[in-house]
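Spelled out, the chains give:
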Amino acid sequence: MEQRPVAEPYRIKAVEMVRMTTREEREAAIREAGYNTFLLRSEDVYIDLLTDSGTSAMSDRQWAALQMGDEAYAGARSWFRLEKAVQEVYGFPYVVPTHQGRGAEHLISRILIRPGTYIPGNMYFTTTRAHIELQGGTFVDVIRDEAHDPAAEVPFKGDIDLRKLEELIGRVGPGRIPYINVALTVNMAGGQPVSMQNLREVRRIADKYGIRVWFDATRAVENAYFIQEREPGYQDRSIREIFREMMSYADGITMSGKKDCLVNIGGFLAMRDPEILQKARELVVVWEGMPTYGGLAGRDLEAMAQGIYEMVEDDWVAWRIRQVRYLGEQLLAAGIPIVRPIGGHAVFLDAKAFLPHIPQDHFPAQALAAALYVDSGVRAMERGIVSAGRDPQTGDHRRPKLELVRLTIPRRVYTDRHMDVVAYSVKHLYAHRDQIKGLRMVYEPPTLRFFTARFEPLE
Ligand SMILES: *Cc1c(COP(=O)(O)O)cnc(C)c1O
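No experiment lies behind these values; they were computed from the predicted model shown. (Residues numbered from 1 in each chain as written. Predicted model: local features only at pLDDT ≥ 70, side-chain atom pairs only at ≥ 80, totals over all residues. Heavy atoms only, no water.)

## Topic: helix 4 (residues 101–112)
Put simply, the rule reads: Comment: elements are numbered from the N terminus, with helices defined as DSSP H or I runs of at least four residues and strands as E runs of at least two. Every helix has an expected span of 1.5 Å times one less than the residues it contains. With a 1.4 Å probe rolled over the protein chains alone, any residue whose accessible area is under 20% of its type maximum counts as buried; one over 50% counts as exposed, and the rest are partly exposed.
For helix 4, which comprises 12 residues, the first-to-last C-alpha distance of 17 Å matches the rise-based estimate of 16 Å (1.5 Å per residue) to within 8%. Burial within helix 4 is extensive, with 10 of its 12 residues counted as buried. Considered for burial, the residues of helix 4 that qualify are G101, G103, A104, E105, H106, L107, I108, S109, I111 and L112.

Okay, structure coming up:
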């Protein structure tokens with residue numbers, strides 16, 4: 001017998017029609033967008049895999065929760081509901097809401113980072129590093145080497161290399177390391193997980209030197225699934241239990257609710273130390289809003305609270321990972337170079353291997369994302385040299401080993417049939433890859449350039 005199929009653990013209650021476009025329309029649209037998929041109009045996109053951030057479909061219960069939003073300026077009922085959800089599911093006693101993840105990154109960076117300090121982490125993330133650098137800190141990548149190799153098949157590719165971590169502590173001294181930043185999962189490495197064992201060891205080292213551990217818990221639910229699947233001793237534990245154990249190794253977290261929490265906007269900072277809470281509350285009123293709403297409407301707090309309970313349901317998380325794999329395995333079967341193992345939120349095309357005739361300085365991943373859009377109206381995102389930006393010291397491009405195009409799967413939005421359309425288009429491009437040309441950058445903003453940079457095709 002063939003394998004019994006599994007389908008979505010939900011059914012569709014409302015639909016949003018999307019527009020199909022012609023190739024000519026798409027060629028005009030990408031030209032107008034400066035070959036940057038961030039600058040396309042959503043209306044011109046058929047299947048939008050730009051990001052899984054804030055693009056989730058909310059459940060009927062979340063929509064109902066919106067109606068229950070308490071819009072009082074201070075002390076709203078919705079705030080207490082969010083605080084309780086974070087306490088119950090994440091296990092941190094203190095919460096400060098923010099408008100999204102970078103709001104939380106801003107607060108913790110201001111509180112803990114001083115000029116001349118070092119923040120070790122498992123591969124950089126764009127907004128995280130920007131906030132570290134804005135406070136005069138330096139991000140130091142201490143992820144295991146295999147994470148920089150798209151083809152290395154290791155189960156926990158997001159793990160911190162403990163030797164690199166200890167080496168940094170020995171070199172600069174623990175007093176110059178305000179915290180260790182652990183991302184769960186590691187977005188820039190391909191949505192790769194960190195093992196529980198590694199989290200435990202990072203905690204042990206941090207305790208030995210009196211350093212804090214801060215998680216970027218953006219996609220920690222997906223990380224919990226990989227632990228359940230791959231780490232000995234966790235097969236019979238629920239996602240919610242595993243998730244809670246993971247969080248027990250952190251002093252606090254920054255969180256983008258736009259990912260795991262199944263909402264369109266929101267984030268928070270959560271912690272155990274009441275002194276950090278105090279400082280975060282002092283700062284949040286300046287930058288975001290009252291400590292009981294942090295730049296969000298009451299209804300947003302309410303929807304995020306409901307999403308926090310839904311995100312750790314076992315059937316949901318298993319389905320989520322299965323759908324990402326459904327796309328990735330079709331590409332693997334066709335011999336297309338993608339980051340392996342297939343990660344939690346996206347399939348990452350290895351643009352260096354896909355387009356070996358385009359040198360990195362001609363932005364192969366940017367060019368591939370533009371070509372994919374023209375072929376099928378599928379919007380993806382560059383995660384390579386453009387995203388990496390420039391080194392503030394030398395002013396030269398940073399040239400990351402990973403030059404990737406991310407096909408990010410929004411939560412509960414697309415069906416497997418959409419995944420088939422995406423897979424077909426990528427395979428089609430791969431068959432005609434020699435026709436894809438490099439780009440040159442004609443406008444470059446000073447920070448987070450990938451959002452708004454503009455390009456032209458090279459002849
Ligand atoms: C999205 C993201 C952030 C920032 O969150 P926003 O809600 O977009 O501000 C931080 N870290 C990681 C790993 C992310 O994916």
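Having seen the structure, we can now continue with the description.
## Remarks on the site of the ligand
For clarity, the cut-off: Nearness here has a simple test: a residue counts as near a molecule or strand if at least one of its heavy atoms is within 4 Å of that partner. Pairs of N or O atoms are called polar contacts if they sit within 3.5 Å, as long as, within protein, a hydrogen donor faces a hydrogen acceptor (for residues adjacent in sequence, only side-chain-to-side-chain pairs). Here, Shrake-Rupley sampling with a 1.4 Å probe gives the accessible areas, and only protein chains in the shown set may cover a residue. Throughout this entry, Asp, Glu, Lys and Arg are counted as charged residues, while Ala, Val, Leu, Ile, Met, Phe, Trp, Tyr, Cys and Pro are counted as nonpolar. The remaining residues, Gly among them, count as polar.
For the ligand, the set of nearby residues contains 13 residues, the closest of which are Q100, R102, D216, S256 and K259. At 2.8 Å, a side-chain N or O of R102 approaches an oxygen atom of the ligand. Within the side chain of K259, one N or O atom sits 2.9 Å away from an oxygen atom of the ligand. Relative to its free-state accessible area of 380 Å², the ligand is covered by the protein chains to the extent of 96%. Taken together, the residues that form the shell around the ligand break down as 1 nonpolar, 6 polar and 6 charged.

## A short note on the packing of helix 2 (residues 60–67) against helix 11 (residues 298–311)
For the record, the criterion: What counts as an axis is a line fitted to C-alpha atoms, over the stretch in contact for a helix, and the angles between N-to-C directions run from 0 to 180 degrees. Note on terminology: angles under 35 degrees are roughly parallel, angles over 145 are roughly antiparallel, angles of 65 to 115 are roughly perpendicular, and the others are oblique. In this scheme, a crossing is called left-handed if the near helix is turned counterclockwise away from the far one by less than a right angle; it is called right-handed if the turn is clockwise. Contact definition: two residues touch when any of their heavy atoms are within 4.5 Å.
For the pair helix 2 and helix 11, interaxial distance at closest approach is 8 Å and the crossing angle is 150 degrees. With respect to each other, helix 2 and helix 11 are oriented roughly antiparallel. Here helix 2 and helix 11 pass one another in a crossing that is right-handed. On helix 11, the residues touching R61, Q62, A65 and L66 of helix 2 are R299, E302, A303, Q306, G307 and E310. Among the residues making up the contact of helix 2 with helix 11, the classes are represented as 3 nonpolar, 3 polar and 4 charged.

## Focus: the nonpolar core
Selection rule: We define the nonpolar core as a collection of buried residues of types Ala, Val, Leu, Ile, Met, Phe, Trp, Tyr and Cys that are connected through side-chain atoms lying within 4.5 Å of one another. In this entry, domain limits derive from an automatic or database-based domain assignment.
Core analysis: the largest hydrophobic core is formed by 97 residues, its most contacted members being Y90, F268 and I308. Lining this core are residues from two domains, each supplying at least three of them: domain 1 (23–52 + 314–457) and domain 2 (60–311). Leave out the neighbours within four places in its chain, and Y90 touches A85, F243, R244, M247, I253, M255, C261, F268, I308 and M311.

## Describing the domain arrangement of the chain
So the rule is basically this: Summed over both partners, the accessible surface that disappears when two parts come together, traced with a 1.4 Å probe, is what is meant by buried area. Salt bridge, as used here, is a side-chain nitrogen of Lys or Arg placed within 4 Å of a carboxyl oxygen of Asp or Glu.
According to the domain assignment, the chain consists of domain 1 (23–52 + 314–457) and domain 2 (60–311). Computed from C-alpha coordinates alone, the two centres of domain 1 and domain 2 are separated by 26 Å. Taken residue by residue, the interface counts 32 residues in domain 1 and 42 residues in domain 2. Counting each side, the surface lost to burial between domain 1 and domain 2 is near 2900 Å², with a carbon and sulfur contribution of 53%. Of all residues in domain 1, the largest losses of buried area upon contact with domain 2 belong to R340, P341 and L402, amounting jointly to 19% of the total for that side. Summed over the shared surface of domain 1 and domain 2, the number is 7 salt bridges. Notably, a salt bridge pairs E229 with R325, separated by 2.9 Å at the nearest N-O pair. On inspection of domain 1 and its partner domain 2, the count reaches 18 residue pairs in polar contact (both at pLDDT 80 or more). Contributing elements (two or more residues each) for the side of domain 1 that touches domain 2: helix 12 (314–333), strand 9 (346–350), helix 15 (385–388) and strand 12 (404–408).

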